[in-house]
Amino acid sequence: MGKAIKRRGLESKRQILYTLLMLIPIGRVATYDSLARAIGTSPRAVGRLLAINENPVIIPCHRVVKSDGSLGGYTPGGSMVKRRILELEGVKFKGRKVDPECIIDITDILGINREEI
DNA sequence: ATTTGCTCAGCTC
DNA sequence: GAGCTGAGCAAAT
């Protein structure tokens, strides 16, 4: 399985993105950049995909934050709600930003999936 | 910590 | 086919 991504249409990327989102552990958050690199696109594209997505219930888009730890955007409800959800998940906040320790790289998840657990 | 500029991808005209 | 907008990023101040 090395290359998980192939040059498919948007469909493929979206699918993968959703999967990765669901792979993010509770109490942790991933960055747009990480996801973008994972699926082979740019951070903005990820944001766009998340924005257009219409099932926030099964898609934990709230677990995606900016590289700086800032919340970024959140269409259903706003950043306020996003922060609230994250806190509920157990994510610690450092003032206005997410605690760096709670931010994980998606590649790390894949790594531990292969070695540990 | 805050501000500015740039970049990349998707969407619209 | 060309232009605009944006759920961001990086660098500079």
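Here the structure is shown first, and the text comes after it.
What you see is a predicted model, and the numbers here were worked out from it, not measured in a lab.

### Details of the overall build of chain A
- Within chain A one finds five helices and five strands.
- Written out in order from the N terminus, the α and β elements of chain A read α-β-α-α-β-α-β-β-β-α.
- Taken across its 117 residues, chain A has 35% of its residues classed as buried.
- A sequence separation of at least 24 residues applies to 58% of the contacts in chain A between residues at least 6 apart.

### Brief notes about the packing of aromatic side chains
- As enumerated under the stated definition, the model contains zero aromatic pairs in all.
- In this structure, R14 packs its charged tip against the face of Y18, placed 5.7 Å from the ring centre.
- Of note, R83 hangs over the ring of F93, and the distance from its end group to the ring centre comes to 5.0 Å.

### Comments concerning the protein's contact with DNA strand C
- Taken together, 15 residues lie near DNA strand C, and Y32, R44, S67, G73 and T75 sit nearest.
- Put simply, 34% of the atoms of DNA strand C that lie within 4 Å of the protein are in sugar or phosphate.
- In the environment of DNA strand C, a phosphate oxygen lies 3.4 Å from a nitrogen or oxygen atom belonging to the backbone of D33.
- R44 is positioned with one of its side-chain polar atoms (N or O) 2.5 Å from a base nitrogen of DNA strand C.
- Mapped onto the surface near DNA strand C, the elements with two or more residues apiece are α2 (32-39) and α3 (43-52).
- If you tally residues by element for the surface near DNA strand C, the top one is α3, at six residues.
- Of the residues contributing to the surface near DNA strand C, the split by class is seven nonpolar, four polar and four charged.

### Comments concerning α2
- Among the residues making up α2, those that are buried are Y32, S34, L35, A36 and I39.
- Positive phi shows up at G40, right after α2, with a value of about 80 degrees.

### As for the protein's contact with DNA strand B
- In the region of DNA strand B, the neighbouring residues are L10, T41, S42, A45 and R48.
- Within 4 Å of the protein, the contacting atoms of DNA strand B are drawn from sugar and phosphate to the extent of 100%.
- Contact between DNA strand B and S42: a sugar or linking oxygen at 3.4 Å from a side-chain N or O atom of the residue.

### A look at the nonpolar core
- Of all hydrophobic cores here, the largest spans 21 residues; its most connected members are L17, L21, I24, L35, I39, V46 and L50.
- Taken together, the elements giving at least two residues each to this core come down to α1 (10-23), α2, α3 and α5 (106-115).
- The biggest single contributor to this core is α1, with five residues.
- Membership of the second largest hydrophobic core comes to eight residues, among which are V29, V91, V98 and C102.

### Some points on the sheet that holds strand β1 (residues 29-31)
- What the three strands build is an open sheet, ordered β2-β1-β5; its pairing is parallel. Because the sheet does not close on itself, it has two edges, and the strands there are β2 (64-65) and β5 (103-104).

Cut-offs applied
- Residues numbered from 1 in each chain as written.
- Chains lettered and ligands numbered in written order.
- Predicted model: local features only at pLDDT ≥ 70, side-chain atom pairs only at ≥ 80, totals over all residues.
- Heavy atoms only, no water.
- Helix = DSSP H or I, 4+ residues; strand = E, 2+ residues; numbered from the N terminus.
- Buried < 20%, exposed > 50% of the residue type's maximum accessible area, 1.4 Å probe, protein only.
- Contact = heavy atoms within 4.5 Å.
- Phe/Tyr/Trp six-rings, centres within 6.5 Å; stacked < 30°, edge-to-face > 60°.
- Lys NZ or Arg CZ within 6 Å of the ring centre and 35° of its normal.
- Near = heavy atom within 4 Å.
- Polar contact = N/O pair within 3.5 Å; in protein donor to acceptor, adjacent residues only side chain to side chain.
- Nonpolar A, V, L, I, M, F, W, Y, C, P; charged D, E, K, R; others polar.
- Core = buried A, V, L, I, M, F, W, Y, C linked by side-chain atoms within 4.5 Å.
- Pairing = 2+ DSSP bridges.

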